[in-house]
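Fold and contact review
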Amino acid sequence: MDKQDFMRRAIDLSIENIEKGGGPFGAVIVKNGEIVAESGNSVTLDNDPTAHAEVNTIRKAAKKLGTFDLSGCEIYSSCEPCPMCLGAIYWAKIDSLYFGNNKVDADKIGFSDKFIYDEIDKDFTQRYLKTESLMRDEALEAFKRWKEKDDKIEY
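Now for a look at the structure at hand. (Residues numbered from 1 in each chain as written. Predicted model: local features only at pLDDT ≥ 70, side-chain atom pairs only at ≥ 80, totals over all residues. Heavy atoms only, no water.)

Some details on the overall build of the protein
Under the convention used in this document: Secondary structure follows DSSP: runs of H or I at least 4 residues long count as helices, runs of E at least 2 residues long count as strands, and numbering of each begins at the N terminus. Here, two residues are considered to be in contact whenever any of their heavy atoms come within 4.5 Å of each other. Working definition of accessibility: Shrake-Rupley area with a 1.4 Å probe, residue cover restricted to the visible protein chains. In this count, Lys and Arg are taken as positive residues and Asp and Glu as negative ones, while His and the chain termini are left out. Charged groups are reduced to one reference atom each: NZ for lysine, CZ for arginine, CG for aspartic acid, CD for glutamic acid.
Helices and strands together make up the secondary structure of the protein, namely 7 helices and 4 strands. Helices and strands in the protein line up, N terminus first, as α-β-β-α-α-β-α-β-α-α-α. Along the three orthogonal principal directions, the C-alpha set of the protein runs to about 50 × 40 × 25 Å. Nonlocal contacts in the protein, meaning residues at least 24 apart in sequence, comprise 48% of its contacts between residues at least 6 apart. Looking at the protein as shown, the accessible area adds up to about 10,600 Å², and 55% of this sits on carbon and sulfur atoms. With 22 positive and 29 negative side-chain charges, the protein shows a spacing of 3 Å between the two charge centroids.

Brief notes about helix α4 (residues 83-91)
Short version of the rule: Note on classification: 1.4 Å probe, protein chains only; a residue is buried when its accessible area is under 20% of the maximum for its type, exposed when over 50%, partly exposed between these limits. The arc in question is the one traced by the directions running from the helix axis out to the C-beta atoms.
Within α4 the residues assigned to the buried category are Pro-83, Cys-85 and Ile-89. Buried positions in α4, seen along its axis, are confined to an arc of 165° and lie on one side of it. Looking at α4, the residues exposed on the side facing more than 90 degrees away from the buried face are Tyr-90 and Trp-91. Turning to α4, the residues buried within the fold contact α3 (53-65), β3 (73-79), β4 (96-101) and α6 (114-121). Residue Lys-93 follows α4 closely and has a positive phi angle near 65°.

Here's the deal with helix α1 (residues 3-20)
What counts, and what does not: Multiplying 1.5 Å by the residue count of a helix minus one yields the expected span of that helix.
The end-to-end C-alpha separation of α1 is 26 Å, in line with the 26 Å expected for 18 residues at 1.5 Å each. Among all positions of α1, only Phe-6, Met-7, Ala-10, Leu-13, Ser-14 and Asn-17 are buried. Down the axis of α1, the buried set is contained in an arc of 110°. They therefore lie on one face. Just downstream of α1, Gly-21 is the residue with a positive phi angle, here 100°.

With respect to the environment of Thr-125
Just so we agree on the cut-off: Any pair of nitrogen or oxygen atoms within 3.5 Å is treated as a polar contact; in protein, a donor-acceptor pairing is required on top of that, and neighbouring residues in sequence qualify only through side-chain atoms on both sides.
Looking at the secondary structure, you find Thr-125 in the loop between α6 and α7 (136-148). Among the polar contacts listed, one links the side chain of Thr-125 to the side chain of Asp-123, at a separation of 2.4 Å. Within the structure, the side chain of Thr-125 is placed 3.4 Å from the side chain of Gln-126, a separation counted as a polar contact.

See the structure below:
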């Protein structure tokens, strides 16, 4: 199989997902030329706002491979990932991202991420979501302990 085959599968998943009652998104994770995991978006099916196709697929791949580090993998998404999914892709250390539809296409059918990108650039005190830093000095204790821990698993 080649890149087009993997992308075609992600697109097929996005179409199949509509028939299941989910959103029009699909994703596939590939390692060494083989599909490791695939999923559609299940936000409305699972009542889970984080259940985007990419996140669902990352969770499945990590479980199947027995690791949170998906280095050596590629992800094929039917649409350019939202900020949450893009963050998850980076955190998973996936090597490459390929997508079909772009964020402008998604915006045209009611899936807009622009406001999130705009919010990220603002100081937290200026965001739409009321945000306040609270008890920082006490919270830093956990970071101090993590830094000092000799047997921690880095990620």
